Amino acid sequence: MKAKEYLQQLQRLDTMINQKIKELGDLRLMSQSVGGIDYSKERVQSSPSGDAPFVKPVLRMIELEQEINAEIDHFVDEKHEIINQIQALQNPKHIDILYKHYVEFKRLEIVAVEMNFTYQYIVELHGTALKEFQLTHENLLNSNDEP
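Here's a quick rundown of the structure. (Residues numbered from 1 in each chain as written. Predicted model: local features only at pLDDT ≥ 70, side-chain atom pairs only at ≥ 80, totals over all residues. Heavy atoms only, no water.)

## Overview of the overall build of the chain
Across its full length, the chain carries seven helices and zero strands. Each of the 147 residues in the chain was classed as buried or not, and the buried ones make up 28%. Considering only residue pairs separated by 6 or more positions, the chain has 72% of its internal contacts joining residues 24 or more positions apart. Total accessible area on the chain is roughly 10400 Å²; 55% of this is exposed by carbon and sulfur atoms. (Helix = DSSP H or I, 4+ residues; strand = E, 2+ residues; numbered from the N terminus. Buried < 20%, exposed > 50% of the residue type's maximum accessible area, 1.4 Å probe, protein only. Contact = heavy atoms within 4.5 Å. Areas by Shrake-Rupley, 256 points an atom, 1.4 Å probe, with all protein chains shown as cover.)

## A word on a nonpolar patch on the surface
Taken together, the side chains of Ile21, Ile72 and Val76 present a nonpolar region at the surface, about 230 Å² in accessible area. Looking at Val76, the relative accessible area reads 46%, which means it is partly exposed. (Patch = residues over 30% accessible without salt bridge, like charges linked within 9 Å, V, L, I, M, F, W, Y side chains within 5 Å. Salt bridge = Lys/Arg side-chain N within 4 Å of Asp/Glu carboxyl O.)

## Overview of helix α5 (residues 108-115)
Here α5 has its buried residues at Leu108, Val111, Ala112 and Met115. The buried residues of α5 occupy one face: seen down the axis, they fall within an arc of 105°. Count one or two residues on from α5 and you reach Asn116, which has phi positive near 60°. (Arc of directions from axis to C-beta.)

## Section: the pattern of salt bridges
Using the criterion set out here, one finds ten salt bridges in the structure. Glu114 serves as the salt-bridge partner of Lys100, at 3.0 Å between the closest nitrogen and oxygen. Residue Lys100 is located in helix α4 (residues 92-103), and its partner Glu114 is located in helix α5; the two are separated by 14 residues in the primary sequence.

## Focus: the nonpolar core
Nonpolar side chains in soluble globular proteins tend to be buried together. The biggest cluster of nonpolar side chains holds 30 residues, and the ones touching the most others in it are Leu7, Ile82, Ile86, Ile97, Leu98, Ile122 and Phe133. Going through the elements one at a time, α1 (3-7), α2 (9-32), α3 (55-87), α4, α5 and α6 (119-136) are the ones with two or more residues in this core. Once residues lying within four places of it in the same chain are set aside, the contact partners of Ile86 are Leu7, Ile95, Leu98, Tyr99, Val103 and Phe133. (Core = buried A, V, L, I, M, F, W, Y, C linked by side-chain atoms within 4.5 Å.)

## Digging into the environment of Glu5
Here Glu5 lies in helix α1. Its relative accessible area of 42% is what places Glu5 among the partly exposed residues.

## Some details on the packing of α5 against α6
Packed helices, taken two at a time, are described by the angle their axes make and the gap between the axes. One can describe the packing of α5 onto α6 by two numbers: an axis separation of 9 Å at closest approach and a directional angle of 105°. Taken together, the axes of α5 and α6 lie roughly perpendicular to each other. Of the residues in α6, those touching α5 at Leu108, Glu109, Val111, Ala112 and Met115 are Tyr119, Ile122, Val123, Leu125 and His126. In terms of residue class, the contact of α5 with α6 is built from eight nonpolar, one polar and one charged. (Axes fitted to C-alpha atoms, helices over the stretch in contact; angles between N-to-C directions. Parallel < 35°, antiparallel > 145°, perpendicular 65-115°, else oblique. Nonpolar A, V, L, I, M, F, W, Y, C, P; charged D, E, K, R; others polar.)

## A short note on the side chain of His126
With respect to the helices and strands, His126 occurs in helix α6. Overall, His126 belongs to the buried group, its relative accessible area being 8%. Reaching out from His126, the side chain makes a polar contact with the side chain of Tyr102 at a distance of 2.7 Å. Contacts of His126, omitting those with residues within four sequence positions, involve Ile97, Leu98, His101, Tyr102 and Leu108. (Polar contact = N/O pair within 3.5 Å; in protein donor to acceptor, adjacent residues only side chain to side chain.)

## Structural notes on the packing of aromatic side chains
For the structure on display, the rule yields two aromatic pairs. On the numbers, 4.9 Å between centres and 55° between planes, the contact of Phe117 with Tyr121 is tilted. (Phe/Tyr/Trp six-rings, centres within 6.5 Å; stacked < 30°, edge-to-face > 60°.)

## Some remarks on the packing of α2 against α3
Two numbers describe how α2 lies on α3: the axes approach to 10 Å, and their chain directions differ by 160°. One element, α2, and the other, α3, form an angle in the roughly antiparallel class. For the pair α2 and α3, the sense of crossing is left-handed. A per-class count over the contact of α2 with α3 returns 14 nonpolar, three polar and ten charged. (Left-handed = near helix turned anticlockwise from the far one by under 90°.)

Honestly, it's all geometry; don't read function into it.
Following this line, the structure appears as structure tokens:
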């Protein structure tokens, strides 16, 4: 695995968590809505299933909340690990750029402004920082390639 792919895992985890939080919000909205009755169709007598109609969505919300909490715990652990790995680098500029880009999810244009450098210099510095990360953590990145 390359350093860039390894560092981008935080962004993927964050995106997945945010999507599940949105799904949970949608489920909450659906569970609070009242269904309509279609009087245009013929009524058919059916036996009740035994559960109230809101039970399934509520159970799904509980399950999804537990899933989200587990993923947030995993995200926090991974974030802490990656921050420590970035901070193990020698060059402070490399630490700063990798932290801002891969932990704070800032675009390189924003990082350039914040660090008071040109965008082109930040792109070059980013490449150098990734190479340093790759060399410093070669054993870590190689262990992630194994199935």
